[in-house]
Amino acid sequence: YYGSSVREYNYAVDSFNRWVSEVQSYVSCIRTEAESDLKKMPDIIRDGAKQAQQEMSNEVARARLEIEAMRPR
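These remarks concern the structure in this document. All residue numbers here refer to positions counted from 1 along the written sequence of the relevant chain. Residue-level local features of this predicted model are given only where pLDDT is at least 70; pairs of side-chain atoms are given and counted only at 80 or more, and the full residue set underlies all totals for whole chains, interfaces and linings. Side-chain metrics in this entry use all non-hydrogen atoms of the structure; hydrogen atoms and water are not considered.

**Quick look at the overall build of the protein chain**
Scanning the protein chain for helices and strands turns up 1 helix and 0 strands. Only C-alpha atoms enter the radius of gyration; for comparison, a globular chain is expected to reach 2.2 Å times N to the power 0.38, where N is the number of residues. Over its C-alpha atoms the protein chain spans a radius of gyration of 30 Å, topping by over 25% the 11 Å that the globule rule assigns to 73 residues. Judged by the C-alpha coordinates and their principal axes, the protein chain covers about 100 × 25 × 5 Å. Note on exposure labels: buried denotes an accessible area under 20% of the residue type's maximum, exposed denotes more than 50%, and partly exposed covers the range between, all computed with a 1.4 Å probe on protein chains only. Counting the 73 residues in the protein chain, one finds 1% classified as buried. Within this scheme the basic residues Lys and Arg register as positive and the acidic residues Asp and Glu register as negative, but His and the chain ends are omitted. Lys charges are placed at NZ, Arg charges at CZ, Asp charges at CG and Glu charges at CD. Positive and negative side-chain charges in the protein chain, numbering 11 and 12 respectively, have mean positions lying 7 Å apart. Runs of H or I in DSSP of at least four residues are treated as helices and runs of E of at least two as strands, each being numbered from the N terminus.

Right, dumping it as structure tokens:
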């Protein structure tokens, strides 16, 4: 139980202040990472859309080749 003496109370206050400092560092890190992720989002979305378009274009090209290969000569 903290607070039964001045020494224990001061120790509890110091421990609490260290913990608050660690929490602030953690929250700051989360904020920094979130801001970094937000800046990357447009590129991620654009790259994903390009990849999906390329995959569909490739699928259409494959289907076209299959149909052309079936054409009677």
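**Let's talk about the pattern of salt bridges**
By convention in these notes, a salt bridge is any Lys or Arg side-chain nitrogen within 4 Å of a carboxyl oxygen on Asp or Glu. For the coordinates displayed, the defined rule picks out 1 salt bridge. Note that Arg 46 is salt-bridged to Asp 43, the shortest N-O span being 2.6 Å. Placement of the pair is Arg 46 and Asp 43 together in helix 1 (residues 6–70), with a separation of 3 residues, close to one helical turn. The class of Asp 43 is partly exposed, set by a relative accessible area of 38%.

**Brief notes about the packing of aromatic side chains**
Pairs were defined over the aromatic rings of Phe, Tyr and Trp, the Trp ring being its six-membered one, requiring ring centres within 6.5 Å. Orientation was assigned from the angle between planes: stacked under 30 degrees, edge-to-face over 60, tilted for the rest. Taken as a whole and assessed by the stated rule, the structure comprises 1 aromatic pair. Look at Phe 16 and Trp 19: their rings are 6.0 Å apart centre to centre, the planes differ by 45 degrees, and that puts the pair in the tilted class. Highlighted residues: Phe 16 and Trp 19, both in helix 1, separated by 3 residues, approximately one helical turn.

**Considerations on helix 1**
Owing to its 3.6 residues per turn, the α-helix aligns residues three or four sequence positions apart on the same side. Multiplying 1.5 Å by the helix residue count minus one yields the expected span of that helix. With 65 residues, helix 1 should cover 96 Å at 1.5 Å per step; its first-to-last C-alpha distance of 92 Å lies within 8% of that length. For a residue, the bend is simply the angle between two axes, fitted respectively to the seven-residue segment ending there and the seven-residue segment starting there. Where helix 1 bends most, at Lys 40, the angle is about 40 degrees, and the proline Pro 42 comes one to four residues later.

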